[in-house]
Amino acid sequence: MTTKLDLLVIGAGMAGVAAADKCAAQGWQVAIVDALPYGGTCALRGCDPKKILRRGAEIIDSARLMSGKGIDEGGLSISWPHLMEHKHGFTDPVPRSMEDGLASHGVTTLHGRARFTGAQRVEIDGVPYDADRFLVATGARPRPLDFPGHELLVDSSDFLSLKALPDRILFVGGGFISFEFAHIAARAGSSTVVVDRGERPLKSFDPDLVDLLVERGRDVGVDLRRATSIVEVRPSDDGYQVVVEHDGGQETIETDLVVHGAGRVAELGGLGLENAGVEWGERGIVVADHLQSTTNPAVWAAGDAADTHGLPLTPVAVSEAKVAASNMIKETTTVPDYSGTPTAVFTIPELVRVGLLEQEAHDQGIDVAVRYHDTSDWYSSYRVGGATSAAKILVDRATDQVVGAHLLGPEYAELVNTLGVAVKLGLTTRQLKSATAAYPTVGSDLGSLL
């Protein structure tokens, strides 16, 4: 017997849950399914647990910055097992809590692997379900690698579940995952190497601030190898040997753990989308701007599972899912608004961005004023021991509007939210400077940064 639904959501992360709740509130028959525990990458295997582990690294870094300034850091260290236990205190209750919340809203919660068998039919572990609509919100997985020994790498989920932290760790790739984890591991006492095949890591962030971050990382033991390729990973008596190539020469790096941080692709391979006539690629399901499949109108997608202009961020995925749900309910074609979306690399210090890069502004023909400040000797940095910090604000000379903001420093991930509002609403520097901030706070630096 086949169950008939108004909506079946595939993927029980934050995006899928948001859409399921929204449609169930309209009285629809809604079900949601996931082969993994409910909660998704962000809550269980990404953003949230990562930042809990980062807290330990922040304490170590803060104490070192204040050494000789009233703080004795002697004997201070991270107990990785206890820090991991603290992480589990947050993540372990999430699946049950999320599933109970969905059920209380009238959503049927299912477990298993979903696979399309027709344009409007899915089988979940052999049980058929028909639906008028499907939302695919299955997230992303590590990008496949092809060098010999790639199967010996662990991924980000594995790193966030390590019971003990190895003495030596090598991270493959120069993106978010490698930098964030390397900064945590280095403060926890590991020797860390980041291997990036390009000359410029963290390519979506301001290059001047990235250089400052790389220098700060070097000071605490993060060894970045630029323009370096992995040739092979092989087991050794006490770990792994990673053969790398740089400028035509090869070197072998001994390490205890090799972590995949070389990007992610849409997690769609096992869904049988071809059986539903859904076009897709590694960037996700091909959708119209309003998030409906271009080849099967019964299928919608959001987050990393959708090929959109949105950044691969949880808040963007949730926003897309809510827009998709609203479009289904109202039979409209509303397009998500991606303007003013901040993004952050939670290294220590954090690196954040909203709006255009300097080169992007020039490419768009904007007469841009670049307001750069080394803020490492400003009060906000002095107070915490003289942290590395800098800011670059891009202002359209013609309109006085902020079109981009790039910040590196402690607590700047909070400040960028204000600048995100400014970019989204087209606020001018005059308007921003007219606001009175609580003092002394990092937010009160905004007027001077402008």
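Our subject is the structure that appears above.
Now for a description of the structure that goes with this document. (Residues numbered from 1 in each chain as written. Predicted model: local features only at pLDDT ≥ 70, side-chain atom pairs only at ≥ 80, totals over all residues. Heavy atoms only, no water.)

Side note on helix α9 (residues 314–330)
Link 1 in the chain: Taking 1.5 Å per residue, 17 residues should reach 24 Å; α9 reaches 24 Å between its end C-alpha atoms and fits that length.
Link 2 in the chain: Listing the buried residues of α9 in full gives V316, A317, V318, E320, A321, V323, A324, A325, S326, N327 and M328.
Link 3 in the chain: Just beyond α9, the residue with positive phi is E331, at close to 55°. (Helix = DSSP H or I, 4+ residues; strand = E, 2+ residues; numbered from the N terminus. Expected span 1.5 Å × (residues − 1). Buried < 20%, exposed > 50% of the residue type's maximum accessible area, 1.4 Å probe, protein only.)

As for the packing of aromatic side chains
Link 1 in the chain: Tallied over the full model, the rule gives 5 aromatic pairs.
Link 2 in the chain: The interplanar angle of 70° and the centroid separation of 6.1 Å between the aromatic rings of W80 and F159 together place this pair among those described as edge-to-face. Here W80, found in helix α4 (residues 80–91), pairs with F159, found in helix α6 (residues 156–159); they are 79 residues apart in sequence, far enough to count as distant. Across the pair, exposure class does not vary: W80 and F159 are buried alike.
Link 3 in the chain: Each ring, one from F176 and one from F205, has its centre 5.5 Å from the other, and the planes form 65°; the classification is edge-to-face. Residue F176 is found in helix α7 (residues 176–187), and its partner F205 is found in the loop between β9 (191–195) and α8 (207–219); the two are separated by 29 residues along the sequence. (Phe/Tyr/Trp six-rings, centres within 6.5 Å; stacked < 30°, edge-to-face > 60°.)

Some points on the packing of helix α3 (residues 47–65) against α7
Link 1 in the chain: Packing of α3 against α7 brings their axes to within 9 Å, and their N-to-C directions diverge by 50°. By the angle class used here, α3 and α7 are oblique. Seen along the crossing, α3 lies across α7 with a hand that is left-handed. From α3, K50, L53, R54, A57, I60, D61 and R64 reach across to α7, where they touch E180, F181, H183, I184 and R187. (Axes fitted to C-alpha atoms, helices over the stretch in contact; angles between N-to-C directions. Parallel < 35°, antiparallel > 145°, perpendicular 65-115°, else oblique. Left-handed = near helix turned anticlockwise from the far one by under 90°. Contact = heavy atoms within 4.5 Å.)

What to know about the side chain of H290
Link 1 in the chain: Structurally, H290 can be placed in the loop between β17 (284–286) and β18 (299–301).
Link 2 in the chain: Using a relative accessible area of 14% as the deciding quantity, one classes H290 as buried.
Link 3 in the chain: In this structure the side chain of H290 is engaged in a polar contact, spanning 2.9 Å, whose partner is the side chain of Q292.
Link 4 in the chain: Here H290 is in contact with W300, N327, T332, T333, T334 and V335, once residues within four sequence places are set aside. (Polar contact = N/O pair within 3.5 Å; in protein donor to acceptor, adjacent residues only side chain to side chain.)

Here's the deal with the nonpolar core
One broad rule of soluble globular proteins: the nonpolar side chains tend to lie buried together.
Link 1 in the chain: Judged by nonpolar contacts, the single largest core of 56 residues is most densely connected at L8, I10, I32, F116, L135, V136 and I285.
Link 2 in the chain: If we skip the residues at most four places from it in the chain, I285 touches V136, L268, L273, V278, E279, W280, S293, V299, A301, A305, A306 and D307.
Link 3 in the chain: One finds L83, I169, A186 and V194 within the second-largest nonpolar core, a separate group that totals 36 residues. (Core = buried A, V, L, I, M, F, W, Y, C linked by side-chain atoms within 4.5 Å.)

Concerning the pairing of strand β4 (residues 114–118)
Link 1 in the chain: Bridging between β4 and strand β5 (residues 121–124) involves 4 bridges; their strand directions are antiparallel. Bridge assignment links G118 to a residue of β5, and that residue is R121.
Link 2 in the chain: Here β4 folds back onto β5, and the loop between the two strands holds 2 residues. (Pairing = 2+ DSSP bridges.)

Thoughts on the pattern of salt bridges
Link 1 in the chain: If you walk through the whole model with that rule in mind, you get 27 salt bridges.
Link 2 in the chain: We note a salt bridge from D130 to R121, for which the minimum N-O separation is 2.6 Å.
Link 3 in the chain: Judged by relative accessible area, R121 falls into the partly exposed class, the value being 34%.
Link 4 in the chain: One salt bridge in this structure joins R283 and D307, with 3.0 Å as the shortest N-O distance. Of the two residues, R283 is situated in the loop between β16 (280–281) and β17 and D307 in strand β19 (residues 306–307); the sequence distance between them amounts to 24 residues.
Link 5 in the chain: One salt-bridge network, in which partners are shared between bridges, spans R54, R55, E58 and E350. (Salt bridge = Lys/Arg side-chain N within 4 Å of Asp/Glu carboxyl O.)

Some details on the sheet that holds strand β13 (residues 249–255)
Link 1 in the chain: Ordered in space as β11-β12-β13, the 3 strands form an open sheet in which the pairing is antiparallel. In this open sheet, the two edge strands, each paired with only one partner strand, are β11 (229–236) and β13. The average undirected angle you get between the axes of adjacent strands in this sheet is 20°.
Link 2 in the chain: Pairing of strand β12 (residues 239–246) with β13 involves 7 bridges; the strand directions are antiparallel. Bridge pairing in β13 links V244 to E251.

As for the sheet that holds β9
Link 1 in the chain: Read across the sheet, 4 strands follow the order β10-β9-β8-β14 without closing on themselves; strand pairing throughout is parallel. Each edge of the open sheet carries a strand with a single partner, namely β10 (222–225) and β14 (257–260). Across the sheet, the mean angle separating the axes of adjacent strands is 20° when strand polarity is ignored.
Link 2 in the chain: In the sheet, strand β8 (residues 168–172) pairs with β9 via 5 bridges, with the strands oriented parallel. Each bridged residue has a counterpart across the sheet, and for V172 the counterpart in β9 is V195.
Link 3 in the chain: Of the strands in this sheet, β8, β9, β10 and β14 are in contact with α7, which crosses β9 at around 165°.

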